[in-house]
Amino acid sequence: MREYFLFEEDFISNLPKNYISTHVICLVDAEDIENWKSLNSYESCLNFLENNDKAKNMNKKNKIPKKLILSNYSDYEIESGIFKFYQNKSSKFTQRVKKGPPDCFRWCSWCILNYLPQDRTNLIYENYTNMALEKENKDRIIRDIERTFSQQKREKKDLREMETSLYKILKSFWNLDKVIGYCQGMNLIVGFLLIVSNFNERDSFYLLTSMFSNTFKTRKKYDYNIRGLFYDEFPLLNLLNYIFENLLERNCPQMKEHLETLGITIDLWMGRWFHTLFTIVLPINWCKRVWDNIFTDNIFFLVKFGICFSIMLQDDFLKMEDEEQVLNNFKNYEKFSLCYDNEELNKKCDLNKIIEKSQKINIDIDYYLKNYEKLNPGFTQKLNEIGNIKYEFF
């Protein structure tokens, strides 16, 4: 049995109607909930409905049922229902995802925000999976796969299955996009997609291709896709590093000066974190919230989060006296890559506060693009051209 927490009445009205018992779903008003994770079970939802004044009043007015018995239904049906909600109230839907959706709705919400076709099938994915790949290219992927997933609390059999799924998607993408092919760091991004999708290879492949195409950049003027992070000479990564360095000097001048004195450049730490969308340094639960905001804001949320995360860590860095000590500290964080949690990090930093502060930062992209263009003539046009690609099945 699976239990879902539906976050508003509008959503349930869009779900298929032919349900017969086995799933219990409670509907509550998400605006009253600080942390949706506290309502991820039937019991906690029921407790909320019984003790929350607003929920009581809504029940009295019959706006929200106290409980609803529903039948088995497919992920496709769930996504179809949420998609209708998105069509009817896209702004409200986006705000809900930005705040952090329940895990049971996160993946289909990401699929919707990335414009994945609802009629996606395994045929396209399998077509690219079955294509041959040169041994040299295959070996490049395999070398990184072997160090992608943490083996903490995993059986070797499970690990092998996970690595097989990861290899198939990376191979498929290389066959689809010969220009990008495979770059180090993509293994962590795909590994994270697989974990969040509960190892749905087809959907992970589709979402990856969206993130590398102009499908990803149709919402806002500066919603660049991640292609520029992996294209020759890494133009988008260089821009993110440039913006971050300027904002770091403004917000954490002591930290910036201290790291420069020790010979630690941006590309040695934050650049690595941007390149992998923070999957190399943050545990899974933290990455989920960062990606929620990448998909609802744009790729520059990486810089916003990077600044706020650095502010939280700067006291530790200022105590470090040499380059080796700093680099070892970075490695200490990175050992939790694709792990579910990092208790030490949770004690040191409040994720919700960092996300909230990150959301409040405004970055004048026009200003930084104009200045970076002066340093690198033709950069903006090149970046736009790099991202202007659409795969045939979108």
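Our subject is the structure that appears above.
This one's a predicted model, so the numbers in the text were calculated from it and none came from an experiment.

Draft legend 1. Focus on the overall build of the chain. When its secondary structure is counted, the chain shows 22 helices and 3 strands. Each of the 394 residues in the chain was classed as buried or not, and the buried ones make up 56%. Taking as baseline every contact in the chain between residues at least 6 positions apart, the subset at least 24 positions apart corresponds to 74%. Total accessible area on the chain stands at roughly 18800 Å², and carbon and sulfur atoms take up 46% of it.

Draft legend 2. Structural detail: the pattern of salt bridges. Counted according to the given criterion, the structure contains 16 salt bridges. With a closest N to O distance of 2.4 Å, arginine 106 and aspartate 103 form a salt bridge. With arginine 106 and aspartate 103 both in helix α6 (residues 103-113), this residue pair falls 3 residues apart, about one helical turn. Between lysine 304 and aspartate 297 there is a salt bridge, with the nearest N and O atoms lying 2.9 Å from each other. For the pair formed by lysine 304 and aspartate 297, the shared burial category is buried.

Draft legend 3. Geometry of helix α20 (residues 351-360). Among the residues making up α20, those that are buried are Leu351, Ile354, Ile355 and Ser358. Down the axis of α20, the buried set is contained in an arc of 100°. They therefore lie on one face. Packed against the buried residues of α20 are α16 (284-296) and α17 (301-318). At the N-terminal end of α20, a side-chain oxygen is found 3.0 Å from the backbone nitrogen of asparagine 352, two or three residues along, and the residue is aspartate 350.

Draft legend 4. Looking closely at the packing of α17 against α20. For the pair α17 and α20, interaxial distance at closest approach is 9 Å and the crossing angle is 130°. Taken together, the axis directions place α17 and α20 in an arrangement best described as oblique. As α17 runs across α20, the sense of the crossing is right-handed. Along the contact surface, α17 presents Phe301, Lys304, Phe305, Cys308, Phe309 and Met312, while α20 presents Leu351, Ile354, Ile355, Lys357, Ser358 and Gln359. Across the contact of α17 with α20, the residue classes tally to 8 nonpolar, 2 polar and 2 charged.

Rules of the game
- Residues numbered from 1 in each chain as written.
- Predicted model: local features only at pLDDT ≥ 70, side-chain atom pairs only at ≥ 80, totals over all residues.
- Heavy atoms only, no water.
- Helix = DSSP H or I, 4+ residues; strand = E, 2+ residues; numbered from the N terminus.
- Buried < 20%, exposed > 50% of the residue type's maximum accessible area, 1.4 Å probe, protein only.
- Contact = heavy atoms within 4.5 Å.
- Areas by Shrake-Rupley, 256 points an atom, 1.4 Å probe, with all protein chains shown as cover.
- Salt bridge = Lys/Arg side-chain N within 4 Å of Asp/Glu carboxyl O.
- Arc of directions from axis to C-beta.
- Polar contact = N/O pair within 3.5 Å; in protein donor to acceptor, adjacent residues only side chain to side chain.
- Axes fitted to C-alpha atoms, helices over the stretch in contact; angles between N-to-C directions.
- Parallel < 35°, antiparallel > 145°, perpendicular 65-115°, else oblique.
- Left-handed = near helix turned anticlockwise from the far one by under 90°.
- Nonpolar A, V, L, I, M, F, W, Y, C, P; charged D, E, K, R; others polar.

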